[in-house]
Each structure stands twice: as C-alpha cells, then as structure tokens.
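Tertiary structure, described
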Amino acid sequence: MSAPQEPPPERSPLSTFAEKAAYIAAPGTVALGLLYYFGSVYIREYYSALGVVPEDLGMSVQNVMASSTQAVFLPLCLLLAGGLVVFLLVGLLGRALARPRLAEHRRTAIILLLAVGMAMVFVDFPALFSDLAIPFPAGLPKVFLPALLVAVGATLGLCAVHLRLNQSTDLGGAPRSAENDRVWLAVGALLIGMLTISLFFDMAQYAAVIGRSNATHDARRGFRGKPTVVVHSRVLLTHNARDVEFKDHGSGSGPYRYEYRGFQLLAKAPARFYLVSHTARYRDAVVVLPDDGTAWLEIRAPKP
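Now for a quick tour of the structure. Every value quoted in this text rests on a predicted model; they were computed, and no experiment measured them. (Residues numbered from 1 in each chain as written. Predicted model: local features only at pLDDT ≥ 70, side-chain atom pairs only at ≥ 80, totals over all residues. Heavy atoms only, no water.)

**Quick look at the overall build of the chain**
Under the convention used in this document: Each helix corresponds to a stretch of at least 4 residues labelled H or I by DSSP, and each strand to a stretch of at least 2 residues labelled E; elements are numbered beginning at the N terminus. Only protein chains enter the accessibility calculation, which uses a 1.4 Å probe; a residue is then buried when its area is under 20% of its type maximum, exposed when over 50%, and partly exposed in between. Whether two residues touch is decided by their heavy atoms; if any such pair falls within 4.5 Å, the residues are in contact. Surface accessibility follows the Shrake-Rupley procedure with a 1.4 Å probe radius. Residue values consider only the protein chains on display as shielding.
The helix and strand tally for the chain stands at five helices and six strands. For the chain, the sequential pattern of α-helices and β-strands runs α-α-α-α-α-β-β-β-β-β-β. Across the 304 residues of the chain, 33% fall into the buried class. Taking as baseline every contact in the chain between residues at least 6 positions apart, the subset at least 24 positions apart corresponds to 66%. Surface summary for the chain: the accessible area is close to 18,600 Å², and the carbon and sulfur share equals 65%.

**Quick word on the packing of aromatic side chains**
Basically, it comes down to this: Pairing of aromatic rings covers Phe, Tyr and the six-membered ring of Trp, with a centre-to-centre limit of 6.5 Å; geometry is then stacked below 30 degrees between planes, edge-to-face above 60, and tilted otherwise.
Overall, the coordinates contain eight aromatic pairs when judged by the stated rule. Where Phe 144 meets Tyr 206, the ring centres are 6.4 Å apart and the plane angle is 50°; that geometry is what we call tilted. Pair noted here: Phe 144 is in helix H4 (residues 140–165) and Tyr 206 is in helix H5 (residues 178–220), with a separation of 62 residues, a long-range link. Among the aromatic residues, those joined into a ring-pair cluster are Tyr 37, Phe 38 and Phe 200.

**A short note on the nonpolar core**
As a reminder, the rule being used: Here, nonpolar core means buried Ala, Val, Leu, Ile, Met, Phe, Trp, Tyr and Cys residues that are tied together by side-chain atoms lying within 4.5 Å of each other.
Counting 29 residues, the largest nonpolar core has Tyr 47, Leu 50, Val 52, Leu 57, Phe 223, Leu 266 and Tyr 274 as the members making the most contacts within it. Residue assignment for this core shows that the elements contributing at least two residues are helix H1 (13–49), helix H2 (61–96), H5, strand E3 (258–269) and strand E4 (272–277). If one sorts the elements of this core by residue count, H5 sits on top with nine residues. Excluding its chain neighbours within four sequence positions, the residues that come into contact with Val 52 are Tyr 47, Leu 57, Leu 266, Ala 267 and Tyr 274. If you look at the next biggest cluster of nonpolar residues, it comprises 15 residues, including Val 121, Cys 159, Trp 184 and Leu 195.

Structure (structure tokens):
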C-alpha cells in the first residue's frame, strides 16, 4: 500500500494576487512600449519634415504616447476588424469540414492553406529588406505591400495549423501523435512570430508616412493652430522669413529695442525656439532663435 501523498502547500493570497497581476501588467507594459515607439516615430517624421531637429525637443513620455494615437488608431481598428473576420471565417470553415465524410476535403484545405501561406511568407519576406526581391509598384504599395503580404501568408498558415490541431487524425489519415503535434505547434509559433514582425513593420511604416503627411498638410494650410509670436530682441535678427514686420523702438525703450511681428511658434526646445512666418508654406525656412536671454517672446493664442 503506497504512502498517502501530502497535500500541496497552501499559497498565500499575496503570491496569488502577484501572479494574476503579472498576467495583466506584462501585456500592458508591451502595449505602452509599442505606443511610445510609434509615437516617437510619428514625432520624428513630423518635425523632420518641417525642418525641426526632433532630438532637440525633449518631449515628455506623456506627449509622445498622446501623439501615438494619430499614428496607430486607424491601422489598429483595421487590424482588429480584420482579425475578427479571420477568426469567424476559420471557425466557420472548421465547423463545415468537421464531418467525417469531409475528412479528405479537410486535409486538402490544410495542405492548400499551408502551402500558399508559406509560399507568400518566403517570397515576400525578403522584400522587407531588399528592393530587388519583388518589383512592387512605387509609392505606398512598395512601402506597405511586402509586410502586408507576409502577414496574410502567416495568417493562412495559422489557419492550416488550427485546422490540423483540431482534427483527430494526421494528414495521412493515421491517428494523431504527440510528436507530430509538437511539430505543428512549433510551426504555429514561428508563424505567429512572422505575423507579429510583419504587422509591427507595417505599423512603424504607417506612423512614419502619416507623420510626414500631417506635417505637409499642416504646412500647406499655413500652420493653422500654431501660436502667434512677437519677438522682442536685444540685437538685430538675421533671417529670411517673409512677411515679418520689423520695428526699431530706439535706445530709449530699453534693452529689447527691436520688435518682430508675424512669426508663429512651430516648436519649443529646452534651449531654442523654432519660428516660421505666418505666411510660411511647406519647405519654407525655419528661424531658430536661442533661448539665452537675447530675446523674449510674446506668445499669443492662435487665430481661429
């Protein structure tokens, strides 16, 4: 007669709570990290397109993450909607092929989905890093199509893995074995990795494209919404911004005798101001004014 087994030691409520909190905190940390990354990509491309050095701005984490909503909201909604449609279609396909008399059709569907998916992954993945892999059309298709096709191929492969792991026999009709299941699980894990990489790549590309696009759009609208600025300077400013009014108040008006009207505040860095004319357009000059006491600025609310 075997000795009675001792019951497992009781776990403290604190350890149970910490384990449950880890399940929530880990995905949350990854999500916050991704938001910060996409926000930083958006800000870098936005201000670089306007002639501002983004590394000088020293933006806070909160501002960077707030900017990420402009970069990821639309593609994230599309991904969620597409994922929902894919899950529904895979579920319907699995139920339709679950009947024993359709076992041959199920095996054919698994082989076809896996073959097409893996072919798309292997053919399109090199296009993420090489312009010679596939001659995609120039412009936005060349930017987004390679990673998107890799994601579609990985999704088709995952559908094949799902169908295979939810049937009682192997592809050849023999009973399932644990060794074969491990191989299919490994293939599914690799495909999930490929899907994640391709979606991350496309999201980063979208954040960069939308950053440059928004900068161009704002510049062509005359930087509407940017604060207007009156510059009071100790010294004469050398600039080539157009439509800026200059006035010399004379030495009797104090040290800040020179006044410049017609500027807008494009960005503020810890050590300098980035100014543009109120009639500036895309690719017009940016005036960089050091924040060293040489001048002080009247910053007024933007015109509606």
